[in-house]
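Secondary and tertiary structure notes
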Amino acid sequence: MWRGASAHNARMPSRLAELYVVSHTHWDREWYHTAGEFRQRLVSVIDDLLDDPPRGDESFLLDGQAVLLDDYLAIRPERVGELATMLRDHRLEAGPWYVLADELIPDGEALVRNLLAGRRALRSLRADSPNVLYCPDSFGHPAALPDIAIGFGCDVVILWRGYGGARWPSGDTVRWRGRSGEKVLVYHLPPDGYEFGSSLPVSLAASHERWQRIASTLSPRAVTGAALLLNGADHHQRQRHLRTAVELLADQAQPTRVVTMSLRSAARAIVMAASGCDLPEIEGELRDSYGYTWTLQGTLATRAAQKRRSARAGRALVRDVEPWLALGDGGSPAARALLDATWRALLLAHPHDTLCGTSVDAVAAAFDTRLSSAEEQATGLRTRAVHELIDHDAEAARVRAGDWLPVVALRNPAPRPRGGVAEVTLRVKVADIAVGPGSASRQGPRRRPQPFRVAGMPLQVLSRKERVQLTESPRAYPDADVIMEARAVGWVPPIAGYGVQSFAQRGHSQAGVPNPVVATPRSLDNGRVRLDVDDAGQVSLSDASLGRRVVDLITLERRRDVGDLYTPALREFLEPPRVRRVRVTHRGPLRGEIVIDYAFSARSGSRSVASVALRLDADCPVLYVRLSGENHHRDQRLRLIVQTGLGPARTVADAAFGAVERSPLAITDSDAAMEHVVASAPLHRWVARFAKDCGATVYSDGLAEYESGEDGSIAITLLRSVGELSRSDLPERPGHAGWPAPTPDAQCIGEYEALIAVWLHGPDCPAVRDEIERYADDVLLPITGETLRSNLLPPLSAAGLELVGSGLIFSAACPAQREGWIVLRCRNQADTIANGEWRVGRPIEEATRARLDETPTESLSVAHGVIRFVAAPGEIVTILAR
């Protein structure tokens, strides 16, 4: 979306006055080769720069990302001093990003962690980055990027894809308005992007011809009279004879002044040139460069399972690890270093060619390894942090097994008090396990497991299994037991926001359950909503308070896809799966569930199956839909279609640091000849449709693509099965978007799963928006607990953190970069000023507002653990507390 510039006092130069040549390399860390292979080339690139440093105001840009410094020093640690000196002298530039990530798939906090990691990497070398948010090849940009840039002190955003063409201003420089109303300068690269100035000629005739092309492209767009020419391309070393090439170009360009510069100097000059110009303003997300350059919006469902895992891992870190660390001791230096290492494992999966899935299979395999590492580290950090909050002494517990008082430790990963249905994992001992020489004759006798009971908590056991559990200690070998483990749900009283509460695993509960679930062979009803499933698998959902019923709620849709990893190429619809059976798996009172089992056509010799589990919990108006399946079909797209019953309606979707409203994009035939519009869009936690008098929201636990249909449907892509990195013969995008390579693993053969939820509600208003966010927490971050068998203390409650204020949405609570401080961050999703409070369950000595990069700005008053603040409409509010 853009607004034209006002005419008064506008200064729009009629020619290109100055051209700044910045030497660089664009470095996809992994793509058609693995990171290890590309690192071998990176060592040569940086060795060459250290051996023959740029002179004067020349510099060399390492693609705006600091991870390349870590990659280089892992091989050449002996050159750390030379590298640091080059960075401090600005003859070599890197950052502000740690990795050049996809910007539409990660959430806002992941983008902030990325920039913080980039800053740490540079500061470890006593260097800094240019004040430029450099985004040369991201496949689109979120509406919050101006606020992120400003929050890290960046004067200008340099970008390419996602912006440009007939529906945007024609010049190369605009101001981009963020959600908060603040604006950042945007410099837009030409249609050929970051490689437009690569391989500059060193002969007179060729230089003349090259200048004619440069001038004809840049001059009509140079609204400030200053333009940037990036000299480099993918994985290129510094150009040989660059000074000669620039001198020749400067001669041809007169009277235009052509000079080599560092990126920081060029950006400073562009900002100064723009200061006297009345530039157009744009706002919103940037996902449309159709007809200008490839937008590449078709990657959102490529290798969908990996995107889901990445989203879940990021959400676990932000919402179920960092707050517990912050509420403990604020994060000791060791804990903060371990947290940084966990984030690094996840961030290394975020480069756009990695997270977008547009890489060879070996890269995807490395992605899975990083995700596993991040998941395991996050679990370990959370466990230790929660144990510290409840004063669990693992060393004492290991030697006092006779004193164990098993409890179920529940945690509420939301910034408000919550009760109701909780997910619990219960464990009881079955037998001792001996380990070591002679242990075969020392195994403990099996005993009958005790019944699963929790004091004061009505329970419904869902499943049981036997496994081995280790009770560990820092100064002893683990104690091993065979245990019976039950997955169950319990009804719990309200637990403080970000509170931990333990319940004795014994006794009984006489407490009742409000609005229990009643199940029949074909229905579930909890008094608030009712689910009906007929023998043919047709699903209907009714809401009693709204007097509303949606029929044919859930269907599965298959379509042939002959595209590549960048672009879907959808053809005919395929035979839908047939319903094999409908069965009730849980009958209440806390949880009811009906499962529909499907089978897919086996005409091609492939047999695929799927199950859709439809679930209601007591006293909850949300329908949960858990999908699991096994895919054996190739070249297809499989989607879950959720019918909202809302035909003419607005579509609003969650995105980085706030929701965006999206409408279908129409482009001209000439623009479509370059690339067809992809109708789907990025999916974060939820997408809603709002009609005049009612609405519906669909939640996702990590799948990244949805499409909103005119018939009222919301389609969520479960998987895309394609087997080529890039194809040149697609009418949807003629030409190769990457180096061609087979990618058989991207056919997604094997198991898949997803969690979706549906909530029917009223029309769009601030109260409904707040409820959407609250149910997002309930769906994606339920109250969760597990048995701590080695507990030595009576039941207790600990910690607590609450965010109060209409329209305020929790974003983060984490250890700060500065030791002894924590970060508290929220955003105001309302169009009005919000008065907010953070209520912290531990003493707070002082607090200050800060930028996103944790630079303090103004002091705040603190009284009795309460920090009060005011949030402007759309503002991201970061507070540092000690």
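Here the structure is a predicted model, which means the values were calculated and not measured.

**Here's the deal with unusual backbone geometry**
Here the amide bond leading from Gly-95 into Pro-96 is cis, since omega sits at 15°, within 30 degrees of zero. Of the consecutive residues Gly-588 and Pro-589, the connecting peptide bond is found in the cis state with omega at 10°. Located in the positive-phi region is Asp-391, a residue other than glycine, with phi close to 60°. Within the fold, Asp-391 resides in the loop between helix H13 (361-389) and helix H14 (394-399). Accessibility expressed as a relative area gives 57% for Asp-391, which makes it exposed. Phi is positive for Asp-619, which is not a glycine, with a value near 60°. Tracing the sequence through the fold places Asp-619 in the loop between strand S26 (609-617) and strand S27 (623-631).

**Section: empty space enclosed by the protein**
Applying the stated rule across the entire model yields three cavities of 30 Å³ or more. In this structure, the largest cavity spans a volume of roughly 60 Å³. Lining the largest cavity, in full, are His-26, Trp-27, Asp-28, Arg-29, Glu-30, Asp-63, Gln-65, Leu-100, Pro-351, His-352 and Asp-353. There is about 40 Å³ of room inside the second largest cavity. Every residue lining the second largest cavity is listed: Glu-103, Leu-104, Pro-142, Glu-285, Ala-655, Ala-656, Arg-662, Pro-682 and His-684. Class assignment of the residues belonging to the lining of the second largest cavity gives a composition of five nonpolar, one polar and three charged.

**Describing the confidence of the model for the protein chain**
Caution applies to low-pLDDT regions: their predicted coordinates should not be interpreted in detail. Residues at a pLDDT of 70 or more form 98% of the protein chain, whose mean pLDDT is 96. A low-confidence stretch, residues 4-14 stays under pLDDT 50, and its non-local contacts, those more than four residues away or across chains, total 22 contacts.

**A few points about the environment of Glu-858**
Secondary-structure assignment places Glu-858 in strand S44 (residues 856-860). With 10 residues separating them in the primary sequence, Glu-858 and Thr-848 have C-alpha atoms 5.5 Å apart. With near-sequence residues (within four places) excluded, Glu-858 lies in contact with Thr-848 and Arg-849.

**Comments concerning the environment of Asp-192**
Secondary-structure assignment places Asp-192 in the loop between strand S8 (183-188) and helix H6 (204-218). The class of Asp-192 is partly exposed, set by a relative accessible area of 32%. Note: C-alpha distance between Asp-192 and Leu-249 (57 residues apart in sequence) is 19 Å. The residues contacting Asp-192, other than those within four sequence positions of it, are Trp-160 and Arg-213. A polar atom in the side chain of Asp-192 sits 2.2 Å from the side chain of Arg-213.

Rules behind the numbers
- Residues numbered from 1 in each chain as written.
- Predicted model: local features only at pLDDT ≥ 70, side-chain atom pairs only at ≥ 80, totals over all residues.
- Heavy atoms only, no water.
- Helix = DSSP H or I, 4+ residues; strand = E, 2+ residues; numbered from the N terminus.
- Buried < 20%, exposed > 50% of the residue type's maximum accessible area, 1.4 Å probe, protein only.
- 1 Å grid on protein atoms, 1.4 Å probe; cavity = no way out; pocket = protein on both sides within 12 Å on 5 of 7 lines; lining within 4 Å.
- Points joined across faces, edges and corners; volume = space filled by probe spheres on them.
- Nonpolar A, V, L, I, M, F, W, Y, C, P; charged D, E, K, R; others polar.
- pLDDT = per-residue confidence, 0-100.
- Contact = heavy atoms within 4.5 Å.
- Polar contact = N/O pair within 3.5 Å; in protein donor to acceptor, adjacent residues only side chain to side chain.

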